[in-house]
Amino acid sequence: MLRIAVGLHRNSADDWDSAAIWAQEVEKLGIDSIWSAETWGIDGVTPLARIASSTERIRLGTGILQIGARTPSGLAMTALGMQSISNDRFVLGLGVSGVAIIEGWHGSRFDRPVQTTKETIDIIRIVSSGERLEYSGSIFQLPIPGGEGRAIRPSATPRHIPIWLASLGPRNLRLTGSHADGWIGTSFMPETADAFFSHMREGAESQGRTLDDIEKMVPVAFELTEDVDRVTRNHAEGYAFTFGAMGTRSHNFYNAAWARQGFADEVREIQKLWLDGDRDEAKRRVPLEIATQSNLLGTADLVTDRLRVYRTAGVDILRVDVRTEGGMQERLDHLGILLDLVKKVNAE
């Protein structure tokens, strides 16, 4: 059955009262979870701590915390704290981010990201289980060999911490299948879901699991409109920034994911145009089907058809970015419409 998640919303950058109201209202609607991201501004956990005290049932997830920004045990401590204050509603979403942020902002080497992710998960699970922290990996050795540190048992109450991974490349997708509780997808079209799910399935089966053991969430923009052509073009043009500005010319995980879905030539040309400074032409070159097949755009009937495609592909949760010209109440009204459509599809 499809479920709906949302991101944080507030009326202005420092208006956390409105963020709490948003969380309360989407909880009343029956939204599955609310997610907080981090880039190079505020962190991804503090906003969730703020709204945890204003909600009771909705899950609170980080989508994502950057693995290179914190030690594994530091991540575990943060997650244990969030589980404590939220009554076990916290979901720890992790991702490797990219070389530009990890080396440019955090000052950490972007080296062997998949292995670093695996060892980070291992250590978080040791800490959250209450066991004494001893670990010997190829990235992390705890305590540091030959040093004066000692193996320490966590003082916090042991708690289960669901760990979700944001992954795009085949190796990281296999790791998601073998080690994670959930997947935070992006650059995803349900028509080509197997470009992602085949690798996750391989990883899951290597550990005696199935793909159904992993909750799978992907992002969509949701915009109700009769002016389908205009909205589709606007959304398509927005992908030019992803293809051209995210990552570097030689390392763009998003472009690689779109290439596996049949758009290799298009994203390569759009990236070149963007980096060469011809951004208007880059926007014009984005195929319209990327917008229509990775979002919920148009009339209620069109949106309902797309919901069926996502459900059939095996997606569990759609993280919805509601696009309206109005304020919070209009966003909530449109979410209510979407939830009604989801109920209809789930009942079929």
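What comes next concerns the included structure. This structure is a prediction, so every number in the text was calculated from the model and none was measured.

### A closer look at the overall build of the protein
Moving on, step 1. Looking only at helices and strands, the protein has 13 helices and 12 strands in total.
Moving on, step 2. Here the C-alpha atoms of the protein give a radius of gyration of 20 Å, agreeing with the 20 Å that 2.2 N^0.38 yields for 348 residues.
Moving on, step 3. Contacts in the protein between residues far apart in sequence, at least 24 positions, make up 70% of those at least 6 positions apart.
Moving on, step 4. For the protein, the computed accessible surface area is about 16100 Å², with 49% contributed by carbon and sulfur atoms.
Moving on, step 5. Put simply, the protein has 39 plus and 47 minus side-chain charges, and the middle of one group is 4 Å from the middle of the other.

### Describing the packing of aromatic side chains
Moving on, step 1. Scanning the model with the defined rule gives 13 aromatic pairs in all.
Moving on, step 2. Ring plane angle 45° and centroid distance 6.3 Å describe the contact between phenylalanine 110 and phenylalanine 253, whose orientation is recorded as tilted. Residue phenylalanine 110 is located in the loop between helix 4 (99-104) and helix 5 (113-129), and its partner phenylalanine 253 is located in helix 9 (residues 253-275); the two are separated by 143 residues in the primary sequence.
Moving on, step 3. Site record: aromatic cluster; members linked through ring pairs are Trp183, Phe188, Phe196, Phe197 and Tyr310.
Moving on, step 4. Lying over the aromatic face of phenylalanine 197, lysine 216 brings its terminal NZ or CZ to 5.9 Å of the ring centre.
Moving on, step 5. Arginine 260 extends its terminal NZ or CZ atom over the ring of phenylalanine 196, reaching a point 5.4 Å from the ring centre.

### Overview of the pairing of strand 2 (residues 33-36)
Moving on, step 1. Residue alternation in strand 2 divides its side chains into two sets, Ser33 and Trp35 and Ile34 and Ser36, and both sets are buried.
Moving on, step 2. Summarising the sheet, strand 1 (residues 3-7) and strand 2 pair through 3 bridges and their orientation is parallel. Considered in strand 2, the bridge of valine 6 is made with isoleucine 34.
Moving on, step 3. The handedness of the strand 1 to strand 2 crossover, carried by helix 1 (residues 16-29), is right-handed.
Moving on, step 4. Once the chain exits strand 2 it traverses helix 2 (residues 46-52) before rejoining the sheet at strand 3 (residues 59-62), and the crossover so formed is right-handed.

### Quick notes on the nonpolar core
Side chains of nonpolar character tend, in soluble globular proteins, to be buried together.
Moving on, step 1. Judged by nonpolar contacts, the single largest core of 71 residues is most densely connected at Leu307 and Leu318.
Moving on, step 2. Top element by residues in this core is helix 13 (residues 328-347). It accounts for 8 residues.
Moving on, step 3. If sequence neighbours within four positions are ignored, leucine 307 has contacts with Leu2, Leu296, Leu318, Leu338, Leu341, Val342 and Val345.
Moving on, step 4. Ranked by size, the runner-up nonpolar core spans 17 residues in total, among them Val231, Trp274, Ala282 and Ile290.

### Comments concerning the side chain of arginine 59
Moving on, step 1. Within the secondary structure, arginine 59 is located in strand 3.
Moving on, step 2. Among the polar contacts made by the side chain of arginine 59, one reaches the side chain of aspartate 32 at a distance of 2.9 Å.
Moving on, step 3. Here arginine 59 is in contact with Arg3, Asp32, Ser33, Ile34, Arg89, Val91, Trp164, Glu215 and Ile317, once residues within four sequence places are set aside.

Scoring rules and cut-offs
- Residues numbered from 1 in each chain as written.
- Predicted model: local features only at pLDDT ≥ 70, side-chain atom pairs only at ≥ 80, totals over all residues.
- Heavy atoms only, no water.
- Helix = DSSP H or I, 4+ residues; strand = E, 2+ residues; numbered from the N terminus.
- Rg over C-alpha atoms; globule rule 2.2 N^0.38 Å.
- Contact = heavy atoms within 4.5 Å.
- Areas by Shrake-Rupley, 256 points an atom, 1.4 Å probe, with all protein chains shown as cover.
- Lys, Arg positive; Asp, Glu negative; His and termini not counted.
- Charge placed at Lys NZ, Arg CZ, Asp CG, Glu CD.
- Phe/Tyr/Trp six-rings, centres within 6.5 Å; stacked < 30°, edge-to-face > 60°.
- Lys NZ or Arg CZ within 6 Å of the ring centre and 35° of its normal.
- Buried < 20%, exposed > 50% of the residue type's maximum accessible area, 1.4 Å probe, protein only.
- Pairing = 2+ DSSP bridges.
- Right-handed = clockwise from strand over helix to strand, strands pointing away.
- Core = buried A, V, L, I, M, F, W, Y, C linked by side-chain atoms within 4.5 Å.
- Polar contact = N/O pair within 3.5 Å; in protein donor to acceptor, adjacent residues only side chain to side chain.

So yeah, pure geometry; function would need other evidence.
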